[in-house]
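Below are the chains, spelled out letter by letter.
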Amino acid sequence: MAERESDVVVIGAGAAGLMCAIEAGKRGRRVVVLEHNAQIGRKILISGGGRCNFTNLHTRPENFLSANPHFAKSALARYSPQDFIALVRKHRIPYHEKTLGQLFCDGSAREIISLLEAECAAAGVACDTGCTVRNVEPKSGFRLETDRTTLQAESIVVATGGLSIPKIGATSFGYGLARQFGLRVQACRPALTPLTFAKQQQMEFADLAGVSLEVTARASGAVFRERMLFTHRGLSGPAILQVSSYWEPGCEVEIDLMPDCSVARLFAERRAVADRSEAHTILGTVLPKRLAKRWLELRGISKPLASWSDSEIQTVSESLHAWRFIPAGTEGFEKAEVTAGGVDTDEISSKTFEAKNVPRLYFVGEVLDVTGHLGGFNFQWAWASGHAAGQFV
């Protein structure tokens, strides 16, 4: 087996790994990127519905979860959304803004891949795809054995991502490597993933699959106002994906199904004019009709609104504005967009991304215990952490 020498080996050709490789290559470092998939950027290609939600204009440290909420501040300050936008413009990639500062390619996520490939080529970075790392050991720097060669490197960058979406190659390799070198790893869990109903609620709501509405969702102190979607197994949509990152098993989720309308006021006003309409018809003017009808059916109320009591109006109003339930669980890593938890940031320099007690070993991107909100924040973390490490490896 032939042995190759390199200054830097980056394990993982995702957003963070490629950005780090590009920056290191610009500094004249000999860089090899190893990717076990047959192509680079698999997760980039499927992101944003195939259009890659490549950053968010409103990125702030508050958009990230971590056991150390301060860790991400330095890298995010040094590489902003505008910095990546400048790179997108340099490559003449048309893009547009959707809601809440989210930026997407007008065309395809493939354009971001092409950008990264071009930047790698310009920086002299070699990318080896379909190459699996078998073993890493400290030896005059690091010695890496793969399924096709052996490499000797001064520095290693671990950019292997998390456990999310195993069908495109996600593995626990990065966490195992961290533990091998004595680094702590925060417990990993699925994040930005749909929530599932317990059996009774699934029976009650399964036929509402496809119904969508804007809500305010709360879990473990986090509050998000975005759209929610009923599915065959539970709830999804941006609001639910957001709170899933904070939700813990056995804890309650609270949802305001009508954040812009007071149900009590609506019903009281219509009752006052002796409206003989069925309550679900009136409720269906401000809620999806199928949901309005089911909601009242489940509460055994079928009489016209004019005959409702004050207590009935109040009870239904409270149920709609503060629907509380305990999810059975989540759809897991198979449907999770990212992984919460990861390599403990207390073990890593927030300036260089080098392990504090293992010289020349670096960790960037999702493998670290830094998880962004939905909407391009995780990409911005990948670019920022990769850029930061690339200045030092």
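Here, the structure is the one placed above.
All values derive from a computational prediction rather than experimental measurement.

Calculation rules
Residues numbered from 1 in each chain as written. Predicted model: local features only at pLDDT ≥ 70, side-chain atom pairs only at ≥ 80, totals over all residues. Heavy atoms only, no water. Pairing = 2+ DSSP bridges. Helix = DSSP H or I, 4+ residues; strand = E, 2+ residues; numbered from the N terminus. Phe/Tyr/Trp six-rings, centres within 6.5 Å; stacked < 30°, edge-to-face > 60°. Buried < 20%, exposed > 50% of the residue type's maximum accessible area, 1.4 Å probe, protein only. Contact = heavy atoms within 4.5 Å. Axes fitted to C-alpha atoms, helices over the stretch in contact; angles between N-to-C directions. Arc of directions from axis to C-beta.

Novice: Would you explain the pairing of strand β8 (residues 133–138) in this entry?
Specialist: The side chains of a regular strand alternate between both faces of the sheet. Pairing analysis gives 5 bridges linking β8 to strand β9 (residues 142–146), with the strands arranged antiparallel. Bridge pairing links Pro138 to Phe142 in β9. Hairpin connection of β8 to β9: 3 residues between the antiparallel strands, including Ser140 at a positive phi of 50 degrees.

Novice: What should I look at first to understand the packing of aromatic side chains in this one?
Specialist: Centre-to-centre distance and the angle between the planes together describe a pair of aromatic rings. By the definition in use, this model includes 21 aromatic pairs. Measuring from ring centre to ring centre gives 5.8 Å for Phe379 and Trp383, while their planes differ by 15 degrees; the resulting arrangement is stacked. With Phe379 and Trp383 both in helix α13 (residues 377–390) and 4 residues apart, this pair spans about one turn of that helix. Comparing Phe379 with Trp383, the two get one shared label, buried. Ring pairs connect the aromatic residues Phe197, Phe205, Phe230, Trp295, Trp323 and Phe325, which therefore count as one cluster.

Novice: Please clarify how the sheet that holds strand β12 (residues 195–196) should be interpreted in this entry.
Specialist: Strand order in the open sheet made by the 7 strands is β17-β16-β13-β14-β15-β12-β18, with antiparallel pairing throughout. Edge positions in the open sheet fall to β17 (323–325) and β18 (329–330), since each of these has one partner strand only. As defined by bridge partners, β12 adjoins β18 across 2 bridges and the pair is classed as antiparallel. From the neighbouring strand, Thr196 faces β18, where its bridge partner is Gly329. On the sheet, helix α12 (residues 310–321) packs against β16 (253–256) and β17 and is oriented at approximately 115 degrees with respect to β16.

Novice: Help me out: how do you make sense of the side chain of Arg294 in this one?
Specialist: Tracing the sequence through the fold places Arg294 in helix α11 (residues 289–298). Sequence-distant contacts of Arg294, that is, excluding residues within four places in its chain, are made with Glu204, Phe205, Asp207 and Leu208.

Novice: Whenever I open this one, helix α4 (residues 81–90) confuses me. Can you help?
Specialist: Note that an α-helix has 3.6 residues per turn; residues three or four places apart therefore point the same way. Every buried residue of α4 is accounted for by Pro81, Phe84, Ile85, Leu87 and Val88. Each buried residue of α4 sits inside an arc of 155 degrees when the element is viewed along its axis, so together they form one side. The exposed residues of α4 that point more than 90 degrees off its buried face are Arg89 and Lys90. Packing partners of the buried residues in α4 comprise α1 (15–26), β3 (53–56), β5 (95–97), β6 (102–105), α5 (110–122) and α13. In the stretch just after α4, Arg92 is the one whose phi turns positive, near 55 degrees.

Novice: Help me understand the sheet that holds β3 in this model?
Specialist: Whether parallel or antiparallel, the strands of a sheet pair through hydrogen bonds between backbone atoms. Spatial ordering of the open sheet is given by β3-β6-β5, a layout of 3 strands whose pairing is antiparallel. The sheet terminates laterally at β3 and β5, the two strands that pair on one side only. Shown here is a sheet whose adjacent strand axes are inclined to one another by a mean of 25 degrees, direction ignored. With 3 bridges connecting them, β5 and β6 associate as antiparallel partners. In the sheet register, Glu97 faces β6, and the bridge partner there is Leu103. Packing against the sheet, α4 makes contact with β3, β5 and β6, and its axis sits at approximately 140 degrees to β3.

Novice: Looking at this structure, how should I read the environment of Pro304?
Specialist: Residue position: Pro304 is located in the loop between α11 and α12. Through-space distance from the C-alpha of Pro304 to that of Gly372 is 47 Å; in sequence the pair is 68 residues apart. Setting aside residues up to four positions removed in sequence, Pro304 forms contacts with Arg276, Ser277 and Glu278.

Novice: Teacher, can you tell me more about the pairing of strand β10 (residues 150–158) here?
Specialist: With 8 of 9 residues buried, β10 is to be regarded as a mostly interior element. Pairing geometry for strand β1 (residues 3–11) and β10, over 8 bridges, is parallel. The residue bridging Val9 from the neighbouring strand is Ile156, located in β10. Strand direction decides the pairing type here: β9 and β10, joined by 4 bridges, are antiparallel. Of the residues in β10, the one forming a bridge with Glu145 is Thr150.

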